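Per-entry structural report
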Amino acid sequence: MDYTKLAELLYPDVTKTPEDIEALYPARELPEGAKVTRFAPSPTGYMHIGNMFSALIDLLAARSSGGVFYLRIEDTDRKREVSDAVPVILDGLRTFGIVPDEGVVAAGERKGSYGPYVQSERTEIYRACAKALVAKGAAYPCFCTPEELSAIRSEQEAAGENTGYYGKYARCRDLSLDDVKAKLDAGMPFVIRLRAEAGGGKIVVDDMIKGKLELPENDVDVVLMKSDGIPPYAFAHAVDDHYMRTTHVIRGDEWVSSLPAHIAIFKALGFRPPKYAHISPIMKLDGGNKRKLSKRKDPEAGVSYYMSKGYPKQGVLDYLCGIANSDFEDWRRANPDESIEKFKFNFKKMSSSGALFDTAKLDDVSKGVVARMTADEVLDSVLEWSRANDAELFALLDGDRDRARAIFSIDRGGKKGRKDIAKWEDVRGYVSYFYDALFEGSSTPENVRPGDAAAILARYAELYDPADDRDAWFAKIKTLCADTGFCADMKAYRADPGAYPGSIADVTNVIRAAVTGRTASPDLYDILRLLGDGAVARMKRAAAQ
Ligand code: GLU
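Residues numbered from 1 in each chain as written. Predicted model: local features only at pLDDT ≥ 70, side-chain atom pairs only at ≥ 80, totals over all residues. Heavy atoms only, no water.

Attention now moves to the overall build of the chain. The number of helices and strands found in the chain is 23 helices and 13 strands. Taking 24 Å as the expected radius of gyration for a compact globule of 545 residues, we find that the chain reaches 33 Å, considerably beyond that expectation. Along the first, second and third principal axes, the C-alpha atoms of the chain reach 110 × 45 × 45 Å. Here the chain holds 545 residues, and 48% of them are scored as buried. Contacts spanning at least 24 positions in sequence make up 72% of the contacts within the chain whose residues lie at least 6 apart. Of note, the chain has its 76 positive side-chain charges centred 2 Å away from the centre of its 83 negative side-chain charges. (Helix = DSSP H or I, 4+ residues; strand = E, 2+ residues; numbered from the N terminus. Rg over C-alpha atoms; globule rule 2.2 N^0.38 Å. Buried < 20%, exposed > 50% of the residue type's maximum accessible area, 1.4 Å probe, protein only. Contact = heavy atoms within 4.5 Å. Lys, Arg positive; Asp, Glu negative; His and termini not counted. Charge placed at Lys NZ, Arg CZ, Asp CG, Glu CD.)

Here it is as C-alpha cells:
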C-alpha cells in the first residue's frame, strides 16, 4: 500500500507538514525547570469547583517555577457546547484571581504566540498532522457505519471480549487504495483511526501526583479525526500540548483510563509526551460516606455558587491551596500578606485519593481573610458584590459610604480581628442593626429581670450623649450601675453575686440587646456612636415594652 498516495487522496488540499508547523512554534525560552501548564476547559457553560481547583494547580505549578500558565478552549465537541460559555469560565477564574498569562486571557482577548488558543480555529493544524500520520502508515480511514460498529460491539460482547475497534475487528485497517477511492467516490463519510501497535503489554507512566501508574498498552484504533473533520479530545490535546510546548498536563483523573491511547498518539506523531498530573476528584462527606462533589446534587459543586454568595477570592484561593498542599496553612501563617504565587507548591504533597471539601473549613479560612482586610477593602468588595446580588444592601451602603466604612472599621485591625464575615452574603446580617430598614428588633438578655432592663434603658436614654469620649462613656455606664443598683465592680460582684440584681456586664448586655437585638456584638461604644440618636430611640422603645 502506498500510504503517501492514500494521504493525498484523503487530504488533497493539505500542503503543510508537521515540520512546517513545528517551525512556527519554537521551544519556549524559559529558565531551567520552568513548567508550562494549561487550563483547557470545554465550553459547557458550567464550571465545577474541581475545574477551578485544577486551574489553580496550573497556576501554582507555573508561577512557582517561573513558567507559563495558559488557557485553551477545547470546543471540538459541538454537542456539549453552549453559547456564551467562555465568559462564564473567564469570569469564574477572574473572580477568584486565577488569571492566565497567555491564551484566551479575557473574553475576546488572546495573548501569546503559540495560538490559536481555541481548538475550532486549529483545524488546519490537525489536518496536517492527520495527513502526515496517514502518509507514514500510522493512521488510516475507516468507513464503518454506526450500525457496523454496533454489530462489532455485539459480537465482542457475545464473545466476552473487550469492546472497541482493534485487531481482527478493525475491518478498514487494510482497505486497498482502490477500495478507499471507490468509497470516497461514493461519498461515504469516514473517520481517521490510529493504527494501534499490537498491544498486550504494559506501559508505565510516572504521574506527578499518583506516582508510577502501570497501565495496559493501547491496542485500540482510536478515532483521530471524526467524520466532520474535527478531532476528538485525544488527538487534539496531543497536537496542541506539543505545539504549545506544554510541559505538564494537569487534569482530572477520569482521563487515566485513556492515557495509554494518548501516549500512543504522541508516539505515533513522534512527539514527546508531557508530564502528567492527574488530580483525584474533590469529595464531600454525605451521611458519613465520601462521594464526589456532584453537579447534579450539590450546589456548592459549581463555581457560580461561590460567586453568588460573595466569597472573597483570597478565602477561596487559600482554602483550595490548603487542600492542594497541607503545608500551605503553615506557610500562610508565616506569610499572611504574601501572594499565593510565592508558595512553593509541590505535586508530591497532593492527595492521590481525593481531597475532602468542607464548607465549614472554607468559611473559617475565609473569615480569617476578611478579618485581615482593611475597612476600605471590605467596603469596596461588598459594594461590588451587592451591586449585582443585593440591591437593598447596596443602596444602604452606597447611600453613605463614610458611615459604611465606619461600620466596617469597628474592631478591625489589631492582632486579632473579629471573625464574623465569611462571605459578602453575611454582611446584610452583620450590619443589619445599623440600618432601621434591616433592623430585626431589640431583645433582652434572659438573665436580667424585665423590670430591671426597662429601668436600665430608661435611665441610660437620659445619660447617653453621643459626644462622650470613651472614658466619659464608661464613667456613665458606672453611674448607670449605681443608679440601678447593679454592681460596677466585677470582682465585688463575683464575691457576692446574690447581693445585686446583676453586674456591669449585664448592664452593657441590656443596652447591647436593646440597640442591636444581639447578645454578642463588636465594640458597644463604637456601635452607639454610629447609631447616635437612633440608639436612644431604640432604648426608649425597648424600655416601654
Ligand atoms: N477539555 C477537557 C475537559 O474539559 C480538558 C481535559 C484536559 O485538561 O486535558 O474535560
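Picking up after the structure, the text goes on.
Attention now goes to helix H4 (residues 85-95). When H4 is considered as a whole, its buried residues turn out to be Ala85, Ile89, Leu90, Gly92 and Leu93. In a view along the axis of H4, the buried residues occupy a sector of 160°, so they form one face of it. Looking at the buried positions of H4, the neighbouring elements they touch are strand E1 (36-39), helix H3 (49-63), strand E2 (68-71), strand E3 (102-106) and helix H10 (303-309). Phi for Gly97, located one or two positions after H4, is positive at around 75°. (Arc of directions from axis to C-beta.)

If you look at the biggest cluster of nonpolar residues, it comprises 112 residues, and the most contacted ones within it are Met52, Phe235, Leu320 and Phe357. With 10 residues, H3 is the largest single contributor of residues to this core. Excluding residues that lie within four positions of it along the chain, Leu320 makes contacts with Ile49, Met52, Phe53, Leu56 and Phe357. Ranked by size, the runner-up nonpolar core spans 54 residues in total, among them Leu438, Ala461, Leu463 and Val510. (Core = buried A, V, L, I, M, F, W, Y, C linked by side-chain atoms within 4.5 Å.)

Neither face of E2 is exposed, since Val68 and Tyr70 on one face and Phe69 and Leu71 on the opposite face are all buried. In the classification by handedness, the crossover that spans E1, the intervening H3 and the parallel E2 is right-handed. Relative to E3, E2 is paired through two bridges, and the arrangement is parallel. For Tyr70, the partnering residue across the bridge sits in E3 and is Glu102. (Right-handed = clockwise from strand over helix to strand, strands pointing away. Pairing = 2+ DSSP bridges.)

Quick look at unusual backbone geometry now. Note the cis peptide between Gly115 and Pro116, where omega equals 0°. Mapped onto the elements, Pro116 comes out in the loop between strand E4 (109-111) and helix H5 (123-135). With phi around 60°, Arg245 is a residue other than glycine that occupies positive phi space. Within the element layout of this structure, Arg245 appears in the loop between helix H8 (233-243) and strand E10 (248-252).

Tallying each qualifying case throughout the model produces 19 aromatic pairs. Considering the side-chain rings of Tyr166 and Tyr169, the 5.5 Å spacing of their centres and the 70° angle between planes classify their relative orientation as edge-to-face. As far as the burial class goes, Tyr166 and Tyr169 line up, both buried. Where Tyr319 meets Phe357, the ring centres are 5.2 Å apart and the plane angle is 85°; that geometry is what we call edge-to-face. You can see Tyr319 sitting in helix H11 (residues 313-324) and its partner Phe357 sitting in the loop between helix H12 (328-334) and helix H13 (359-372), a full 38 residues away along the chain. (Phe/Tyr/Trp six-rings, centres within 6.5 Å; stacked < 30°, edge-to-face > 60°.)

What follows deals with the side chain of Arg512. In this fold, Arg512 is placed in helix H21 (residues 504-516). At 7.4 Å, Asp523 is the nearest oppositely charged side chain to Arg512, a buried residue that forms no salt bridge. Reaching out from Arg512, the side chain makes a polar contact with the side chain of Asn509 at a distance of 3.2 Å. With near-sequence residues (within four places) excluded, Arg512 lies in contact with Gly517, Arg518, Thr519, Ala520, Ser521, Pro522 and Leu524. (Salt bridge = Lys/Arg side-chain N within 4 Å of Asp/Glu carboxyl O. Polar contact = N/O pair within 3.5 Å; in protein donor to acceptor, adjacent residues only side chain to side chain.)

This part takes up helix H19 (residues 470-484). Note that an α-helix has 3.6 residues per turn; residues three or four places apart therefore point the same way. End to end, H19 covers 21 Å across 15 residues, agreeing with the expected 21 Å (1.5 Å per residue, within 8%). Buried residues of H19: Trp473, Ile477, Leu480, Cys481 and Thr484, and no others. Here the buried residues of H19 occupy an arc of 100° about the axis, which is enough to place them on one side. Among the exposed residues of H19, those pointing more than 90 degrees away from its buried face are Asp471 and Ala482. Looking at the buried residues of H19, the elements they touch are helix H18 (450-463), H21 and helix H22 (524-531). Positive phi appears at Gly485, one or two residues downstream of H19, with a value of about 85°. (Expected span 1.5 Å × (residues − 1).)

This part takes up the environment of Phe347. Assignment of secondary structure puts Phe347 in the loop between H12 and H13. For Phe347, a relative accessible area of 4% gives the class buried. The spatial distance from the C-alpha of Phe347 to the C-alpha of Trp473 is 57 Å, given a sequence separation of 126 residues. If near-sequence neighbours (up to four positions away) are discounted, Phe347 is found in contact with Lys35, Ile57, Ala61, Met208, Ile209, His248, Ile250 and Ala277.

Around the ligand sit Arg38, Ala40, Pro41, Ser42, Glu74, Tyr233, Arg251 and Trp255, and that is every residue in its neighbourhood. Within the contact set of the ligand, a nitrogen atom lies 2.8 Å away from a backbone nitrogen or oxygen of Ala40. Here a nitrogen atom of the ligand sits 2.6 Å away from a polar atom, N or O, in the side chain of Glu74. Notes on the ligand: free accessible area 300 Å², of which the protein chains cover 84%. (Near = heavy atom within 4 Å. Areas by Shrake-Rupley, 256 points an atom, 1.4 Å probe, with all protein chains shown as cover.)

With that settled, consider the packing of helix H15 (residues 391-399) against helix H16 (residues 401-409). Their axes nearest at 5 Å, the elements H15 and H16 cross at an angle of 100°. As summarised for this structure, H15 and H16 are arranged roughly perpendicular, according to the angle between their axes. Contact with H15, carried on its side by Leu397, Asp398 and Gly399, involves Arg401, Ala404 and Phe408 of H16 and no other residues of that element. (Axes fitted to C-alpha atoms, helices over the stretch in contact; angles between N-to-C directions. Parallel < 35°, antiparallel > 145°, perpendicular 65-115°, else oblique.)

Before going further, it helps to spend a moment on the sheet that holds strand E6 (residues 191-194). Spatially, the three strands line up as an open sheet ordered E5-E6-E9, and their pairing is antiparallel. Two strands bound the open sheet, and with one partner strand each, they are strand E5 (139-142) and strand E9 (223-225). For this sheet, the mean inter-axis angle between neighbouring strands, taken without regard to orientation, is 45°. Relative to E6, E5 is paired through four bridges, and the arrangement is antiparallel. What sits directly across from Tyr140, in E6, is Arg193.

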